[in-house]
Amino acid sequence: AGASYATPALYLQLNTGSIDGNDFYSININGETWLQSGQLEAYVDGQWFTANSTTASNDATFSLMKVISTSTIYDRSDDFGGKYTLHVFEWLAGRTIFETNIKEYDDNGAISFVQSFPDGAANTNFASATLPSACAGVSI
């Protein structure tokens, strides 16, 4: 008989009161933190933006971006993982609006993250974008 493994309990914790810091979200597996967000930053309109007001105040390299809306939509579904809850965060960095979407799938315990720029973004660092070495073979 083959080994039997329990499905880990995956839990997304959104700290919406702490968007300003480095713990915007965390993913816990079986009660242990597995992944915790870092400081949110974006390079658009030819400059760096951060969601961290302390960094923006103390480092002239950064300007402050802000959340302009948040929403949670329950009981959505798609072909990938079935029923999910969608968390949407809309940000303003300079003149650029972008969204962070986090999907929490009910049936399979998966979580997906999507970053989008609905109106596009000008003067980004895309021309010199680099990926970590762990992503060898991935092109952007």
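Residues numbered from 1 in each chain as written. Predicted model: local features only at pLDDT ≥ 70, side-chain atom pairs only at ≥ 80, totals over all residues. Heavy atoms only, no water.

Participant: Please give an account of a nonpolar patch on the surface that cites residues and values.
Facilitator: Taken together, the side chains of W34, L35 and F113 present a nonpolar region at the surface, about 320 Å² in accessible area. Structurally, the position occupied by W34 is in strand 3 (residues 32-36). Judged by its relative accessible area of 57%, W34 is exposed. (Patch = residues over 30% accessible without salt bridge, like charges linked within 9 Å, V, L, I, M, F, W, Y side chains within 5 Å. Areas by Shrake-Rupley, 256 points an atom, 1.4 Å probe, with all protein chains shown as cover. Salt bridge = Lys/Arg side-chain N within 4 Å of Asp/Glu carboxyl O. Helix = DSSP H or I, 4+ residues; strand = E, 2+ residues; numbered from the N terminus. Buried < 20%, exposed > 50% of the residue type's maximum accessible area, 1.4 Å probe, protein only.)

Participant: Talk me through the confidence of the model for the protein; I want residue IDs and the actual numbers.
Facilitator: Confidence along the protein averages 76 in pLDDT terms, with 73% of residues attaining 70 or more. No element of the protein has a lower mean pLDDT than strand 1 (residues 10-14), which averages 70, and none a higher one than strand 6 (residues 62-64), which averages 89. (pLDDT = per-residue confidence, 0-100.)

Participant: Break down the sheet that holds strand 9 (residues 96-105) for me, citing the residues and quoting the values.
Facilitator: Within the open sheet, the four strands sit side by side as 7-8-9-10. Their pairing is antiparallel. Because the sheet does not close on itself, it has two edges, and the strands there are strand 7 (66-78) and strand 10 (111-116). With direction set aside, neighbouring strand axes in the sheet form an average angle of 15 degrees. The sheet contact formed by strand 9 and strand 10 spans six bridges and is antiparallel. Within strand 10, the position partnered with K103 by the bridge is S112. (Pairing = 2+ DSSP bridges. Axes fitted to C-alpha atoms, helices over the stretch in contact; angles between N-to-C directions.)

Participant: How would you sum up the pattern of salt bridges? Please name residues and give values.
Facilitator: For the coordinates displayed, the defined rule picks out one salt bridge. Two residues, R95 and D45, come together in a salt bridge whose shortest N-O distance is 3.7 Å. Here R95 is found in the loop between strand 8 (82-93) and strand 9, whereas its partner D45 is found in the loop between strand 4 (41-44) and strand 5 (47-50), with 50 residues between them in sequence.

Participant: Can you explain the nonpolar core? Please cite residues and give values.
Facilitator: Formed by 14 residues in total, the largest nonpolar core has its most connected members in M65, W91, A93 and F98. Elements supplying a minimum of two residues to this core: strand 2 (25-29), strand 4, strand 8 and strand 9. Among the elements that line this core, the one with the most residues is strand 8, at three residues. (Core = buried A, V, L, I, M, F, W, Y, C linked by side-chain atoms within 4.5 Å.)

Participant: Go over the environment of A51, please, and point to the residues and values.
Facilitator: As for its position among the elements, A51 is in the loop between strand 5 and helix 1 (53-58). A51 sits 27 residues away from F24 along the chain, and the two C-alpha atoms are 9.9 Å apart.

Participant: Hey, could you go over the environment of Y74 for me, with residue numbers and the actual values?
Facilitator: As for its position among the elements, Y74 is in strand 7. Given a relative accessible area of 59%, Y74 falls into the exposed group. Placed 29 residues apart in sequence, Y74 and K103 show a C-alpha to C-alpha distance of 10.0 Å. Beyond its immediate stretch of four places on either side in the chain, Y74 contacts Y84 and T85. (Contact = heavy atoms within 4.5 Å.)

Participant: I'd like a description of the packing of aromatic side chains, backed by residues and values.
Facilitator: Scanning the entire structure with this criterion turns up five aromatic pairs. Here the aromatic cluster, defined as three or more aromatic residues joined through ring pairs, consists of Y43, W48 and F62. (Phe/Tyr/Trp six-rings, centres within 6.5 Å; stacked < 30°, edge-to-face > 60°.)

Participant: Tell me about the environment of V44, and name the residues and values.
Facilitator: Here V44 is to be found in strand 4. Taking the relative accessible area as the measure of exposure, V44 reaches 1% and is therefore buried. Between the alpha carbons of V44 and A121 there is a distance of 6.3 Å; along the sequence they are 77 residues apart. If we skip the residues at most four places from it in the chain, V44 touches F49, A93, T96, F117, A121, A122, N123 and T124.

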